[in-house]
There are 2 protein chains.
Amino acid sequence: MTTIKDVAKEANVSVATVSRVLNQSGYVNNNTKKRVEQAIERLDYQPNSVARSLFKKESKTIGFIVPDISNPFFPMLVRAAEDYLNKKGFTIILCNSDEEIEKEQEYLNVMKQKYVDGVIAVSNHLTKEQVESYPMPIVALDRPIEGDIPSFSVDNRAGGVMATEYLKEIGCRKIAHIRGPEQVLNATERYKGYVDVVGNEKWFSSSLVVHGEYDKKIATQVAKKLLQEQPDIDGVFAGNDMMALGVLKAAEELELHVPEDVAVIGFDGIDLTEMTSPELSTISQPLFDVGTKAAMALVDMIQGRNLSETKNLFPLTLMKRQSTIFRKEV
Amino acid sequence: MTTIKDVAKEANVSVATVSRVLNQSGYVNNNTKKRVEQAIERLDYQPNSVARSLFKKESKTIGFIVPDISNPFFPMLVRAAEDYLNKKGFTIILCNSDEEIEKEQEYLNVMKQKYVDGVIAVSNHLTKEQVESYPMPIVALDRPIEGDIPSFSVDNRAGGVMATEYLKEIGCRKIAHIRGPEQVLNATERYKGYVDVVGNEKWFSSSLVVHGEYDKKIATQVAKKLLQEQPDIDGVFAGNDMMALGVLKAAEELELHVPEDVAVIGFDGIDLTEMTSPELSTISQPLFDVGTKAAMALVDMIQGRNLSETKNLFPLTLMKRQSTIFRKEV
DNA sequence: ATGAAAGCGCTAACAT
DNA sequence: ATGTTAGCGCTTTCAT
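Residues numbered from 1 in each chain as written. Chains lettered and ligands numbered in written order. Predicted model: local features only at pLDDT ≥ 70, side-chain atom pairs only at ≥ 80, totals over all residues. Heavy atoms only, no water.

Thoughts on the interface of chain A and chain B
This is how it is decided: By definition, residues are in contact when any of their heavy atoms lie within 4.5 Å. Note on terms: buried area is the combined drop in 1.4 Å-probe accessible area of two parts once they are placed together, counting the loss on both. Whenever Lys or Arg places a side-chain nitrogen within 4 Å of a carboxyl oxygen from Asp or Glu, that contact is recorded as a salt bridge. Between N or O atoms, a polar contact is any pair within 3.5 Å; within protein, one atom must be a potential hydrogen donor and the other a potential acceptor, and residues adjacent in sequence are included only when both atoms are from side chains. The way it works is that DSSP assigns letters per residue, a run of H or I at least four long becomes a helix, a run of E at least two long becomes a strand, and they are numbered from the N terminus. Gly falls in the polar group here, along with every residue not listed as nonpolar (Ala, Val, Leu, Ile, Met, Phe, Trp, Tyr, Cys, Pro) or charged (Asp, Glu, Lys, Arg).
With 49 residues of chain A in contact, the opposing surface of chain B contributes 49 residues. Together chain A and chain B conceal approximately 4300 Å² of surface at their shared face, both sides included; 53% is due to carbon and sulfur atoms. Linking chain A with chain B are six salt bridges. A salt bridge links Lys 249 of chain B to Glu 279 of chain A; the shortest N-O distance between them is 2.1 Å. On inspection of chain A and its partner chain B, the count reaches 28 residue pairs in polar contact (both at pLDDT 80 or more). At the level of secondary structure, the elements contributing two or more residues to the side of chain A that touches chain B comprise helix H4 (49-56), helix H5 (75-87), strand S2 (91-96), helix H6 (101-113) and helix H11 (241-253) of chain A. Each residue belonging to the side of chain A that touches chain B can be placed in one class, and the counts come to 21 nonpolar, 15 polar and 13 charged.

Details of the domain arrangement of chain A
Quick note on the threshold: Annotation comment: domain bounds sourced from an automatic or database domain assignment.
In terms of domains, chain A is made up of domain 1 (4-47), domain 2 (61-154 + 287-314) and domain 3 (156-285 + 318-325). Once you take the C-alpha centre of each, domain 1 of chain A and domain 2 of chain A turn out to be 37 Å apart.

What about the protein's contact with DNA strand C?
Note the cut-off: Think of it this way: one heavy atom of a residue within 4 Å of a molecule or strand is enough to make that residue near it.
Ile 4 and Tyr 45 of chain A together with Arg 20, Tyr 27 and Asn 29 of chain B are the nearest of the 26 residues found near DNA strand C. The contact in question runs from a base nitrogen of DNA strand C to an N or O atom on the backbone of Ala 51 of chain A, over 3.4 Å. A distance of 2.8 Å is found between a sugar or linking oxygen of DNA strand C and a side-chain nitrogen or oxygen belonging to Lys 57 of chain B. Listed by contribution, the elements that provide at least two residues to the surface near DNA strand C are helix H2 (15-23) and H4 of chain A together with helix H2 (15-23) and helix H4 (49-56) of chain B. Among the elements that line the surface near DNA strand C, the one with the most residues is H2 of chain A, at four residues.

Here's the deal with the state of the cysteines
What counts is decided by this rule: In this description, the term disulfide denotes a pair of cysteine sulfurs within 2.5 Å.
A full pass over the atoms with the stated rule returns zero disulfides over all chains. The thiol of Cys 95 of chain A is unpaired, and the distance to the nearest cysteine sulfur, on Cys 95 of chain B, comes to 14 Å.

Topic: the packing of H2 of chain B against helix H3 (residues 30-43) of chain B
Residues and elements named next belong to chain B. Definition in use: Orientation is described by axes fitted as lines to C-alpha atoms, over the contacting stretch for helices, and by angles from 0 to 180 degrees between their N-to-C directions. Any angle between 65 and 115 degrees counts as roughly perpendicular, while under 35 counts as roughly parallel, over 145 as roughly antiparallel, and the rest as oblique.
At their nearest, the axes of H2 and H3 sit 10 Å apart, and the two run at 85° to each other. In this view, H2 runs roughly perpendicular relative to H3, as classed from their interaxial angle. Residues Thr 17, Val 18, Val 21 and Leu 22 of H2 form the contact with H3, whose participating residues are Lys 33, Val 36 and Ile 40. Looking at the contact of H2 with H3 residue by residue, the classes come out as five nonpolar, one polar and one charged.

Overview of the sheet that holds strand S9 (residues 263-268) of chain A
All names here are of chain A. In plain terms, the rule: Think of it this way: DSSP has to see at least two bridges between two strands before they count as a pair.
What the six strands build is an open sheet, ordered S7-S6-S8-S9-S10-S12; its pairing is mixed. Every interior strand has two partners, whereas the edge strands, strand S7 (209-211) and strand S12 (317-319), have only one. Between one strand axis and the next, the sheet turns through 20° on average, direction left out of account. Pairing analysis gives three bridges linking strand S6 (residues 175-179) to S7, with the strands arranged parallel.

So, the packing of aromatic side chains
Selection criterion: Stacked, edge-to-face and tilted are the three classes for Phe, Tyr and Trp ring pairs, Trp counted by its six-membered ring, which pair at centre distances within 6.5 Å; planes under 30 degrees apart are stacked, over 60 edge-to-face, the rest tilted. Summary of the burial criterion: residues with accessible area below 20% of their type's maximum are buried, those above 50% are exposed, and those between are partly exposed, where the area comes from a 1.4 Å probe applied to protein chains only. Remark: a charge is flagged as sitting over a ring if the NZ atom of Lys or the CZ atom of Arg is within 6 Å of the ring centre and within 35 degrees of the ring normal.
What the rule picks out here adds up to eight aromatic pairs over all chains. When the ring of Phe 73 of chain B is compared with that of Phe 74 of chain B, the centres are 5.2 Å apart and the planes differ by 80°; the resulting orientation is edge-to-face. An identical accessibility class is assigned to Phe 73 of chain B and Phe 74 of chain B; each is buried. One residue, Arg 179 of chain A, lies across the ring of Tyr 191 of chain A, its end atom 5.2 Å from the ring centre.

With respect to the sheet that holds S2 of chain A
The twelve strands are arranged S11(A)-S5(A)-S4(A)-S3(A)-S1(A)-S2(A)-S2(B)-S1(B)-S3(B)-S4(B)-S5(B)-S11(B) in an open sheet whose pairing can be described as mixed. Looking at strand neighbours, the two that pair on one side only are strand S11 (311-314) of chain A together with strand S11 (311-314) of chain B, the edges of this open sheet. Here the average twist between neighbouring strands, direction ignored, is 20°. As defined by bridge partners, strand S1 (residues 61-66) of chain B adjoins strand S2 (residues 91-96) of chain B across six bridges and the pair is classed as parallel. Bridge pairing in S2 of chain B places Val 66 of chain B opposite Asn 96 of chain B.

Describing the pairing of S11 of chain B
Residues and elements named next belong to chain B. Residues Asn 312 and Phe 314 line the buried face of S11, whereas the alternating positions Lys 311 and Leu 313 sit on a face that is not buried. Pairing analysis gives four bridges linking strand S5 (residues 151-154) to S11, with the strands arranged parallel. Bridging across to S11, Phe 152 finds its partner in Asn 312.

With respect to the pairing of strand S8 (residues 235-238) of chain B
Residue and element names in this part refer to chain B. The two faces of S8 match: Gly 235 and Phe 237 on one face and Val 236 and Ala 238 on the other face are all buried. The pairing of strand S6 (residues 175-179) with S8 spans four bridges and is classified as parallel. Considered in S8, the bridge of Ile 175 is made with Gly 235. As paired elements, S8 and strand S9 (residues 263-268) share three bridges and run parallel to each other. Residue pairing for S9: Val 236 is matched across the bridge by Val 264.

Written out as structure tokens, the structure reads:
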């Protein structure tokens, strides 16, 4: 591999001069500049980023921690961020945490040693203290962190309200909720939104809320049980789209028609929701936008700019699709 | 950040000694070793990987080039590789190429400068020469590269045969094929497998093959047109699962029943295929295994070991699901 | 068994 | 406008 020294020799200048033209810093005569550029060309020289990182204490890479990239909710977020970051000259390190606190810590540690310039994290465990003591900026995605750590997410409670109200609106008279994991804040918020709307209904009962763990298979099981035990349930708000798919499957197995017998709505708006039959109604997050904005903010922080907002809430959209849309006409 | 120097001072030894205990290399007295370890503990010292990389010309990171992580085919591959690599102390840089040759080159370049230790690539453009002249080992995923570049994929042609024969077996008498992009080798192989089986049928005609570009929307359109123009088509082999979903949608829009009116089978076996209704029959690839094995091989190469195989073909499994399974009884 | 010192490739004072 | 040099934090000869 050719180094800056080789180029200097080839162009008959010092390494400092080469570095200057490389970084467009300081003065350098136009002719020498040309000589250097030609030398670079001839030798096909490419600066060594590791050496540069060592000196500058930055690496032009950022870390992205997700629970599991094979969960359909995350790829779009990552893709969006990568798109922007790549344009800005950054490369991204992908970390799958499985929501395990130890893995997250380990990744953060390793990345610190690699001089990552910042990290984007989807995590429930990250604390204010931890983020603040981390040498590089961190922004939170999907799940906000206490304090004024920048975060990019949606108003999950409002989304829960939106979904549940919609079910009421289309005529559902007994609405169940398949909620996400206890430890996941947004799951609890969505649940709260549901309760906000139906908590005072005469038919409401805590038996209408079951745990689906954001998992399709589990949701299928619990939904099946629920729909069997309470056949008068005519609407289900699932805490995320995967679980909504589980409900669809449960309904199918029970030979219930969606939406005629039971209307189903999910949350997140992943691509999958358009691919099922019936297509799934959902509270849609602008995932690409969320990912992009988080990346933009992180770059701003890296470059020392101040953020105008720390808590960024993105708009939710009610997508009325087949799993609810015909309900009105029943 | 505390450095090796700080530790040396704290332990009253030279940096060389600290380095020795860090790397468990060379001789070091048991007592001094203990002193150093205590100093490391006290100062909470963590070696700087960038400095180490500069010297060792390795970074403990590997690059992973995929066309688009938001395409459901890829996350599992990446996840599998990351799992293994993380265990081995590597971190992964994710690159979205969009199948664009320029982006691939750019990523390879950037990663070279970052001293990545190797790369896993899903690419149609990579040539033998390019891979051989690259300073770090590269393995190919999903799409083999000419020469003896290690690759990890499936026998797509055999899979095409398998899918098509299965459709014949269950009684389909006019089978169409929605093929993937012309430039993608595996798409052509799958197409060939289809022709192998039905090319000599009296009903066969090139009009039964249409281009779906591995895209659900496009597949929906072309499938709809095809099924309208040739209503006697009673079986469709889609070149991948996304397009098979498109076919499902097309059938629905035409009010055709799957599998009664037309049987549908896909290819790849992504998770999505179990979530649709009807569930989608498919030729399933062992994606997790493919990703893992590719990562294992890459690590072997990085560590200078010889691979026993360069062309690794993984077994395909015919998944009989609702989109074909009842066909027999018709 | 331990230390001194060179060097990985680059950047940024500081000189000239 | 250009060159000299120290130093980023580490590893590894080479001495001792």
